[in-house]
Number of protein chains: 2
Amino acid sequence: MSTLWLNKVKWDEHGLVPVIAQEAGSNDVLMFAWMNRDALAKTVELGEAVYWSRSRKKLWHKGEESGHTQKVIEIRLDCDEDVVLLKIQQVGDIACHTGRHSCFFQKFEGTRVGGEWLAVEPVLKDPETIYKLD
Amino acid sequence: MSTLWLNKVKWDEHGLVPVIAQEAGSNDVLMFAWMNRDALAKTVELGEAVYWSRSRKKLWHKGEESGHTQKVIEIRLDCDEDVVLLKIQQVGDIACHTGRHSCFFQKFEGTRVGGEWLAVEPVLKDPETIYKLD
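Residues numbered from 1 in each chain as written. Chains lettered and ligands numbered in written order. Predicted model: local features only at pLDDT ≥ 70, side-chain atom pairs only at ≥ 80, totals over all residues. Heavy atoms only, no water.

Stated formally: UniProt positions are given in the numbering used here, feature names are shortened, and annotations may be inferred rather than shown by experiment.
Within an unreviewed UniProt entry, the label attached to chain A reads Phosphoribosyl-AMP cyclohydrolase, and the organism entered is Glaciimonas soli. Regarding chain A, the UniProt comment filed under Function (unreviewed entry) reads as follows: "Catalyzes the hydrolysis of the adenine ring of phosphoribosyl-AMP." Per UniProt, chain A carries the Subunit (unreviewed entry) text "Homodimer."

Focus on the overall build of chain A
For clarity, the cut-off: Put simply, DSSP marks the helices as runs of H or I at least four residues long and the strands as runs of E at least two long, and each gets a number from the N terminus on. For every residue, the accessible area obtained with a 1.4 Å probe (protein chains only) is divided by the maximum for its type, and the residue is called buried under 20%, exposed over 50%, and partly exposed between those limits. Whether two residues are in contact is decided by their heavy atoms, any of which lying within 4.5 Å being enough. For the accessible areas, the method is Shrake-Rupley and the probe is 1.4 Å, while residue cover comes only from the protein chains on display. Positive: Lys, Arg. Negative: Asp, Glu. His and the chain ends are not part of the count. Where a charge lies is defined by one atom per residue type: Lys uses NZ, Arg uses CZ, Asp uses CG and Glu uses CD.
Of regular secondary structure, chain A possesses three helices and eight strands. Along the first, second and third principal axes, the C-alpha set of chain A runs to 50 × 45 × 30 Å. For chain A, the proportion of its 134 residues judged to be buried stands at 49%. Within chain A, contacts between residues separated by at least 24 positions form 43% of all contacts whose residues are at least 6 apart in sequence. For chain A, the computed accessible surface area is about 6500 Å², with 50% contributed by carbon and sulfur atoms. Between the mean site of the 17 positive side-chain charges and the mean site of the 21 negative ones, chain A shows a separation of 2 Å.

Thoughts on the confidence of the model for chain A
Interpretation of this model should avoid reading the predicted coordinates in detail wherever pLDDT is low. Applicable threshold: Predictor confidence is given residue by residue as pLDDT, running from a minimum of 0 to a maximum of 100.
Looking at chain A, the pLDDT average stands at 95 and 96% of residues meet or exceed 70. This prediction of the complex comes with two scores: 0.96 for pTM and 0.96 for ipTM.

Some thoughts on the relation of the copies chain B and chain A
As a reminder, the rule being used: For the least-squares superposition of copies, only C-alpha atoms count, and only for residues with pLDDT at least 70 in both.
Expressed as a screw operation, the relation of chain B to chain A combines 0.0 Å of axial shift with a rotation of 180°, fitting to an RMSD of 0.0 Å. Such values leave the two copies arranged in the relation of a two-fold axis. When C-alpha positions in chain B are compared against the rotation axis, the closest is assigned to Asn27(B), at 2.7 Å. Mapped onto chain A, 100% of the interface residues of chain B are again interface residues, and the two copies thus contact each other with one and the same surface.

Describing the pairing of strand β2 (residues 29-35) of chain B
All names here are of chain B. Where we set the bar: Two strands qualify as a pair provided that DSSP identifies no fewer than 2 bridges between them.
Burial within β2 is extensive, with seven of its seven residues counted as buried. Direction of pairing for strand β1 (residues 17-23) relative to β2: antiparallel, over a ladder of six bridges. Bridge pairing in β2 links Val17 to Met35. Hairpin connection from β1 to β2: five residues lie between these consecutive antiparallel strands, with Gly25 at a positive phi of about 95°.

What to know about the environment of Trp52(A)
All names here are of chain A. Along the chain, Trp52 falls in strand β3 (residues 50-53). Judged by relative accessible area, Trp52 falls into the partly exposed class, the value being 22%. Taking the C-alpha atoms as reference, Trp52 lies 8.1 Å from Leu16; in sequence the two are 36 residues apart. Residues within four places of Trp52 in sequence aside, it is in contact with Leu16, Trp34, Met35, Asn36, Ala39, Lys57, Lys58 and Leu59.

Description of the sheet that holds strand β8 (residues 114-119) of chain A
Which entries qualify depends on this criterion: With axes taken as lines fitted to C-alpha atoms, and helix axes fitted only over the stretch in contact, angles between N-to-C directions fall between 0 and 180 degrees.
Overall, mixed pairing links the six strands, which are arranged β8(A)-β7(A)-β5(B)-β6(B)-β1(B)-β2(B) in an open sheet. Edge positions in the sheet fall to β8 of chain A together with β2 of chain B, since each of these pairs with one other strand and no more. In this sheet, adjacent strand axes meet at a mean angle of 30° when their direction is disregarded. Lying over the sheet, helix α2 (residues 37-46) of chain B contacts β7 (106-111) of chain A together with β2, β5 (70-77) and β6 (84-90) of chain B, oriented at roughly 125° with respect to β2(B).

With respect to the interface of chain B and chain A
Stated formally: Accessible-area loss on putting two parts together, using a 1.4 Å probe and summing over both, is the definition of buried area adopted here. When a carboxyl oxygen of Asp or Glu is within 4 Å of a side-chain nitrogen of Lys or Arg, the pair counts as a salt bridge. Here a polar contact means two N or O atoms within 3.5 Å. Within protein one must be a hydrogen donor candidate and the other an acceptor candidate, and residues neighboring in sequence count only if both atoms are side-chain atoms. Three classes are used, and their members are as follows: Ala, Val, Leu, Ile, Met, Phe, Trp, Tyr, Cys and Pro are nonpolar, Asp, Glu, Lys and Arg are charged, and the others, Gly among them, are polar.
Opposite the 52 residues of chain B that make contact, chain A presents 52 residues. Of the roughly 4300 Å² buried where chain B meets chain A, counting both sides, 61% is carbon and sulfur surface. For the interface between chain B and chain A, the tally reads four salt bridges. Residue Arg76(A) is joined to Glu121(B) by a salt bridge in which the shortest nitrogen-to-oxygen separation is 3.1 Å. Summed over the shared surface of chain B and chain A, the result is 28 residue pairs in polar contact (both at pLDDT 80 or more). Elements supplying a minimum of two residues to the side of chain B that touches chain A: α1 (4-8), β1, β2, α2, β5, β6, β7 (106-111) and β8 (114-119) of chain B. Partitioning the side of chain B that touches chain A into residue classes produces 24 nonpolar, twelve polar and 16 charged.

A word on unusual backbone geometry
Non-glycine residue Lys57(A) carries a positive phi angle of around 50°. Examined against the element boundaries, Lys57(A) turns out to sit in the loop between β3 and β4 (58-61). Residue Glu81(B) is not a glycine yet carries a positive backbone phi of 60°. Relative to the assigned elements, Glu81(B) resides in the loop between β5 and β6.

Laid out in structure tokens, this is it:
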């Protein structure tokens, strides 16, 4: 049994690696998160994205509350071996907690001295109906 | 003159933000890097990607040595306002210092207990001819 492949990843000083989740097919970048060693191992084991929540300081099986899990199609590592790219199928088509397809919905408009970020992507589902808050 | 848009970005404890560079058209994820406030301002000003090199601790106008600059088509910010997505046109079609199109050329194959990373994308140009080292 060899988990040497996990040693090839250059974990940062917090034991984490940045992860980009990209939708297979459309190639849309849906979200960005972090993994620790356990999260990456679990992701491979389950075939679904498991991240490390830096705010909650625990493993976060994406979609555990919303049902919007991410089925892993492919896992890539970059040239410096310190960034992971996940190609995924996004269950429910919604990756963002705001109810949008992608987290990258704010677009820069303007110039250096007069710019702004505009929300340019639609909310597909009311977040309150995604997370069943009792 | 307002650079308030720069204040909307949540810079980390080092004053940096992670940046994903995605090729316009193909939607391929080409690389991942970091920007500080100056780098993002310069990127908007020049219309070309300028990153912060954490190893060299200075601004890094991508392509300054190789000629493989990145023309910025669009800039996006995520829901948490702490990750930037650049849509770019990659001059020379090569983003990676290894001479490949994308930095994400290593693909995971196997299982949790017996996996490996395989280089699955071709080198398009010998790195020694990209960087004219005298």
